[in-house]
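# A look at the structure
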Amino acid sequence: MIDGMSERTIALVTGANKGIGYEIAAGLGALGWRIGVGARDQRRRDTAVEKLRAAGADAFGVPLDVTDDESVAAAAELIAGHAGGLDVLVNNAAITGGVPQTPTTVEPATVRAVVETNVIGVIRVTNAMLPMLRNSASPRIVNMSSSVGSLALQTTPGIDMGPVPAAYLASKTFLNALTIQYVKELSGTNILINSGCPGFTATDLNGFQGVRTPQQGAAIAIHLATLPDDGPTGGFFDDAGTVPW
């Protein structure tokens, strides 16, 4: 086991009923951790929990809509009561807002909806879970981002990031900036906070056009969730190493 983490390490994965989120939950569950499966849809959430349990994971459902204050507050209460605390938070839930989506055609309402889930949702969930994370021996926060949000890559000649939806791209840049600010504020604590890019993974988020499997996409989150106490914080990583901001 990781230094400072017990056999009963407790993790919450948002958007964990399918795709990358499910595989993150499965990977962490395979370590013997207790996994909160955060998801809005009850049927999909229950199905995911049943599947994880059938595979031997200690999983429990967490009704969670990251865009709703009451839902997030209730989720924190449920985790505190059911699991007794929280060691690892993986902010995975995200939406694209649909395609096509160019800066000149995207509706402001679409941008608001994407930011509400992909950025404000991360703030809402993180802040609700922080009291429990502060009490953990080895707390970790993993924000699932994307290299499409890298301003460095977006502005490097010769690099084509593809026709990425404008609101989604901007939301990941926003999320990266937010991650850095959390790191600065919590620098005096033992909480390690990092952004992870899963790569171009085949999920319903992109119409299953990706070239990586959800299990491959989940690998970076599992790595960052299981960092040792002297591991990095304030970084942006993919399977190959550091991603430029």
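Everything discussed here concerns the structure shown above.
In this text, all values refer to a predicted model and were calculated from it rather than measured experimentally.

Looking only at helices and strands, the protein chain has seven helices and eight strands in total. In terms of overall dimensions, the protein chain is globule-like: its C-alpha atoms have a radius of gyration of 17 Å, near the 18 Å expected for 245 residues. With respect to the principal axes defined by its C-alpha atoms, the protein chain has extents near 50 × 40 × 30 Å. The buried share of the protein chain, reckoned over its 245 residues, is 49%. Here the analysis covers contacts within the protein chain between residues at least 6 apart in sequence; of these, 70% occur between residues at least 24 apart. Surface accessibility of the protein chain: about 11,200 Å² in total, with carbon and sulfur atoms responsible for 55%.

Quick look at the nonpolar core now. Counting residues in each nonpolar core, the largest one holds 30 residues, and the members touching the most others are Leu12, Ile79, Leu86 and Met129. Contributing elements (two or more residues each) for this core: β1 (10-14), β3 (58-63), α3 (69-82), α4 (108-134) and α6 (166-185). Tallying contributions element by element places α4 first for this core, with eight residues. Those residues in contact with Leu12, other than ones at most four positions away along the chain, are Gly36, Gly38, Val62, Leu64, Ile79, Leu86, Val88, Leu89, Val90, Val125 and Met129. The next biggest cluster of nonpolar side chains, apart from the first, holds 28 residues, and it includes Ile20, Tyr22, Ala221 and Phe237.

On to the pairing of strand β6 (residues 192-196). In terms of burial, β6 is a largely internal element, five of the five residues being buried. Neither face of β6 is left uncovered, since the one carrying Leu192, Asn194 and Gly196 and the one carrying Ile193 and Ser195 both have all their residues buried. Sheet analysis places β6 next to strand β7 (residues 236-238), joined by two bridges and oriented parallel. Bridge pairing in β7 links Ser195 to Phe236.

We now examine the sheet that holds β1. Backbone hydrogen bonds hold the strands of a sheet together, and the pairing may be parallel or antiparallel. Ordered in space as β3-β2-β1-β4-β5-β6-β7-β8, the eight strands form an open sheet in which the pairing is mixed. Looking at the sheet topology across the chains shown, the edges are occupied by β3 and β8 (241-242). As judged from the two bridges shared by β7 and β8, these two strands associate in the antiparallel manner. Each residue of the ladder has a partner; that of Asp238, found in β8, is Gly241. Lying over the sheet, helix α2 (residues 42-54) contacts β2 (34-39) and β3, oriented at roughly 170° with respect to β3. Contacts from α6 reach β5 (140-144), β6 and β7 within the one sheet, and its direction differs from that of β6 by about 165°.

All right, on to unusual backbone geometry then. At the junction of Val99 and Pro100, the peptide bond is cis and its omega measures out at -5° in the coordinates. Tracing the backbone through its elements, the reader meets Pro100 in the loop between β4 (88-91) and α4.

So, about the pairing of β1. In terms of residue burial, β1 counts as a mostly covered element, since five of its five residues are buried. Because side chains alternate across β1, one face comprises the buried residues Ile10, Leu12 and Thr14, and the other comprises Ala11 and Val13, equally buried. Taken together, β1, helix α1 (residues 19-29) and β2 form a β-α-β motif whose crossover is right-handed. Direction of pairing for β1 relative to β4: parallel, over a ladder of three bridges. The partner of Ala11 across the bridge, within β4, is Val88.

Turning to the side chain of Asn194, a few remarks are in order. Its location among the elements puts Asn194 in strand β6. For Asn194, a relative accessible area of 1% translates into the label buried. There is a polar contact of 3.0 Å between the side chain of Asn194 and the backbone oxygen of Pro232. A polar contact of 3.2 Å, which involves the side chain of Asn194, links it to the backbone nitrogen of Gly234. In contact with Asn194, other than residues within four places in its own chain, are Ile141, Val142, Asn143, Thr179, Leu224, Leu227, Pro232, Thr233, Gly234, Gly235 and Phe237.

Our focus in this paragraph is the packing of α1 against α2. Across the interface, α1 lies against α2 with an axial gap of 10 Å and an inter-helix angle of 30°. In terms of orientation, α1 and α2 fall into the roughly parallel class. Considering only the axes of α1 and α2, their crossing is right-handed. Only Ala48, Lys51 and Leu52 of α2 make contact with α1, whose side of the interface consists of Tyr22, Ala25 and Ala26.

Each value, and the rule that gives it
Residues numbered from 1 in each chain as written. Predicted model: local features only at pLDDT ≥ 70, side-chain atom pairs only at ≥ 80, totals over all residues. Heavy atoms only, no water. Helix = DSSP H or I, 4+ residues; strand = E, 2+ residues; numbered from the N terminus. Rg over C-alpha atoms; globule rule 2.2 N^0.38 Å. Buried < 20%, exposed > 50% of the residue type's maximum accessible area, 1.4 Å probe, protein only. Contact = heavy atoms within 4.5 Å. Areas by Shrake-Rupley, 256 points an atom, 1.4 Å probe, with all protein chains shown as cover. Core = buried A, V, L, I, M, F, W, Y, C linked by side-chain atoms within 4.5 Å. Pairing = 2+ DSSP bridges. Axes fitted to C-alpha atoms, helices over the stretch in contact; angles between N-to-C directions. Right-handed = clockwise from strand over helix to strand, strands pointing away. Polar contact = N/O pair within 3.5 Å; in protein donor to acceptor, adjacent residues only side chain to side chain. Parallel < 35°, antiparallel > 145°, perpendicular 65-115°, else oblique. Left-handed = near helix turned anticlockwise from the far one by under 90°.

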